[in-house]
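# Structural features, examined
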Amino acid sequence: MLGPGVAWYVAVAACLFGVGALGVLVRRNPLIVLLSLELMLNGGNLALIALSRHWHNGAGQIFALAVMAVAASEVCVGLGLVVALNRRRLSLDVDTLSELRG
Amino acid sequence: MLAVSAGDALVWAVWVIAAFSCLGAGVAVVSFANPFYSALALIGNLASLAVMYLLLNAEFVAAAQVLVYAGAVVVMFLFVIAYVGPRREPPWSGGPSWQTVGAVGAAGALLVEIVVAVGLQATGSLAHDGRVGAAFGTPAWVGRVFLVDHLLAFEITSIVLLVAAVGGVILGSHTRRLDAAAAQPARREPQRGVEAVR
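Values in this document were obtained by computation on a predicted structure and should not be read as measured data. (Residues numbered from 1 in each chain as written. Chains lettered and ligands numbered in written order. Predicted model: local features only at pLDDT ≥ 70, side-chain atom pairs only at ≥ 80, totals over all residues.)

Before going further, it helps to examine the overall build of chain B. The number of helices and strands found in chain B is eight helices and zero strands. Listed by position from the N terminus, the elements making up chain B come as α-α-α-α-α-α-α-α. (Helix = DSSP H or I, 4+ residues; strand = E, 2+ residues; numbered from the N terminus.)

Here it is as structure tokens:
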């Protein structure tokens, strides 16, 4: 395998997951929370594909494609929620949407 | 191992550029105040990730990544951002509250946990490299693996997408009750007043 070893790819994937987690936890705009969630899913995907290459096993790539489909579903439902919030004139701030807080 | 060929150096260079632009675009997604720019930065992140997938012999996944994410997901994000209007929300507005500090600490703890878990599990076993066949990662190979070995996962994925599409339509559609409620300004006024105070 030319270039860097799989460990480098896994390190980038871990950093990407950490950046995405930071965005999910810090940002208050639900749209940016969803975008950061995409970053986390992409970090997971990169690790899956790197380890699939490492073990010569196709299941990792298949799982990455399934993760992509789940990400598309999540965006579909999440953006539907954002549109519904906007239609009810609720503020787009995840800190103020606390009616379901236990 | 010591003899570094020209191809090896080239792949290293491409990897370094892709990795840094990937992480830089990720930081940009998190730190832009305007969600529109965040969505545009996500495209850069996805493109550099696709380059890394190509370096890992995953041609089909790289193409699917560009098509699905840059072609569909980001476009949908941009539509919704244009619909709700760009609201600027600087990420560090209002100074460091205890919530922000806790969130940064939690994210850092998560990163440390991942690094420790991977490092403990993978000491040495990630070092050896190997060659894969020429068919690894091609569309024909992925299709055979997906539709022969993992047919159930394929079908479940399609059901998940169908359910999500139905849910998105239900969440985004006008219901008569909601339209009637929105048409009565008397009942909406107090809530709007609260909104304005906030």
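Before going further, it helps to spend a moment on the overall build of chain A. When you go through chain A residue by residue, the secondary structure sums to three helices and zero strands. In chain A, the succession of α and β elements from N to C terminus is α-α-α. Over its C-alpha trace chain A gives a radius of gyration of 17 Å, far above what one expects of a compact globule, namely 13 Å for 102 residues. Along the first, second and third principal axes, the C-alpha set of chain A runs to 55 × 25 × 25 Å. Residues counted as buried form 52% of the 102 residues belonging to chain A. (Rg over C-alpha atoms; globule rule 2.2 N^0.38 Å. Buried ≥ 20, exposed ≤ 12 C-beta atoms within 10 Å, placed from the backbone.)

Core analysis: the biggest nonpolar cluster contains 65 residues, and Tyr9, Ala13, Leu46, Ile49 and Ala50 of chain A together with Met52 and Tyr53 of chain B have the highest contact counts within it. The contacts of Tyr9 of chain A, once residues within four sequence positions are left out, are Leu46 and Ala50 of chain A together with Met52 and Leu56 of chain B. (Core = buried A, V, L, I, M, F, W, Y, C linked by C-beta atoms within 7 Å. Contact = placed C-beta atoms within 7 Å.)

Further remarks concern the environment of Thr157 of chain B. Topologically, Thr157 of chain B is positioned in helix 6 (residues 151–172). Apart from residues lying up to four places away in sequence, Thr157 of chain B is in contact with Ala66 and Ala69 of chain A.

Now for the confidence of the model for chain A. It should be kept in mind that the predicted coordinates are not to be read in detail where pLDDT is low. Summarising the model, chain A shows a mean pLDDT of 88, and 98% of its residues fall at 70 or more. At the low end of the mean pLDDT range in chain A sits helix 3 (residues 59–87) of chain A, at 90; at the high end sits helix 2 (residues 30–55) of chain A, at 92. (pLDDT = per-residue confidence, 0-100.)

For the rest of this paragraph, the subject is the interface of chain A and chain B. Between chain A and chain B, the residue contacts involve 63 residues of the former and 73 residues of the latter. Secondary-structure elements contributing two or more residues to the side of chain A that touches chain B are helix 1 (6–26), helix 2 and helix 3 of chain A. For the side of chain A that touches chain B, the element with the most residues is helix 3 of chain A, which contributes 20 residues. A breakdown of the residues in the side of chain A that touches chain B according to their chemical character gives 41 nonpolar, 17 polar and five charged. (Nonpolar A, V, L, I, M, F, W, Y, C, P; charged D, E, K, R; others polar.)

All names here are of chain B. Checked against the element boundaries, Ile156 lands in helix 6. The class for Ile156 is partly exposed, based on 13 C-beta atoms found within 10 Å. Expressed as a C-alpha distance, the spacing of Ile156 and Ile170, which sit 14 residues apart in the sequence, is 21 Å.

Before going further, it helps to spend a moment on the packing of helix 1 of chain A against helix 4 (residues 98–121) of chain B. Contact pair helix 1 of chain A / helix 4 of chain B: the axes reach a minimum separation of 9 Å and the direction vectors enclose 160°. Classed by the angle they form, the pair helix 1 of chain A and helix 4 of chain B counts as roughly antiparallel. For the pair helix 1 of chain A and helix 4 of chain B, the sense of crossing is right-handed. Residue-level inspection shows Val10, Ala14, Phe17, Gly18, Ala21, Leu22, Leu25 and Val26 of chain A of helix 1 of chain A in contact with helix 4 of chain B, the latter providing Thr100, Ala103, Val104, Ala106, Ala107, Leu110, Leu111, Ile114, Val115 and Val118 of chain B. Considered class by class, the residues forming the contact of helix 1 of chain A with helix 4 of chain B number 16 nonpolar, two polar and no charged. (Axes fitted to C-alpha atoms, helices over the stretch in contact; angles between N-to-C directions. Parallel < 35°, antiparallel > 145°, perpendicular 65-115°, else oblique. Left-handed = near helix turned anticlockwise from the far one by under 90°.)

Here we come to unusual backbone geometry. Of note, the phi angle at His56 of chain A is positive, near 55°, even though the residue is not glycine. Mapped onto the fold, His56 of chain A is located in the loop between helix 2 and helix 3. If you check the backbone angles, Asn57 of chain B has positive phi at about 60° while not being a glycine. Following the sequence through the fold, Asn57 of chain B ends up in the loop between helix 2 (35–55) and helix 3 (59–84). Judged by the 23 C-beta atoms lying within 10 Å of it, Asn57 of chain B is buried.

What follows is about helix 1 of chain A. Along its 21 residues, helix 1 of chain A runs 30 Å from first to last C-alpha, staying within 8% of the 30 Å computed at 1.5 Å per residue. Most of helix 1 of chain A is tucked away: 16 of the 21 residues are buried. (Expected span 1.5 Å × (residues − 1).)

On to the confidence of the model for chain B, then. All names here are of chain B. Of all residues in chain B, 78% attain a pLDDT of 70 or more, and the chain-wide mean is 82. In this model, residues 186–198 is a region of pLDDT below 50 whose contacts with residues beyond four sequence positions or in other chains number seven contacts. Here the predicted complex scores 0.84 on pTM and 0.90 on ipTM.

The end-to-end C-alpha distance of helix 6 of chain B is 32 Å, a good match for the 32 Å that 22 residues give at a rise of 1.5 Å each. Those residues of helix 6 of chain B hidden inside the fold are in contact with helix 3 of chain A.

The subject of this paragraph is the environment of Ala117 of chain B. Residues and elements named next belong to chain B. Positionally, Ala117 belongs in helix 4. Looking at Ala117, the number of C-beta atoms within 10 Å reads 11, which means it is exposed. Put simply, Ala117 and Val148 are 31 residues apart on the chain and 33 Å apart in space, counted from C-alpha to C-alpha.

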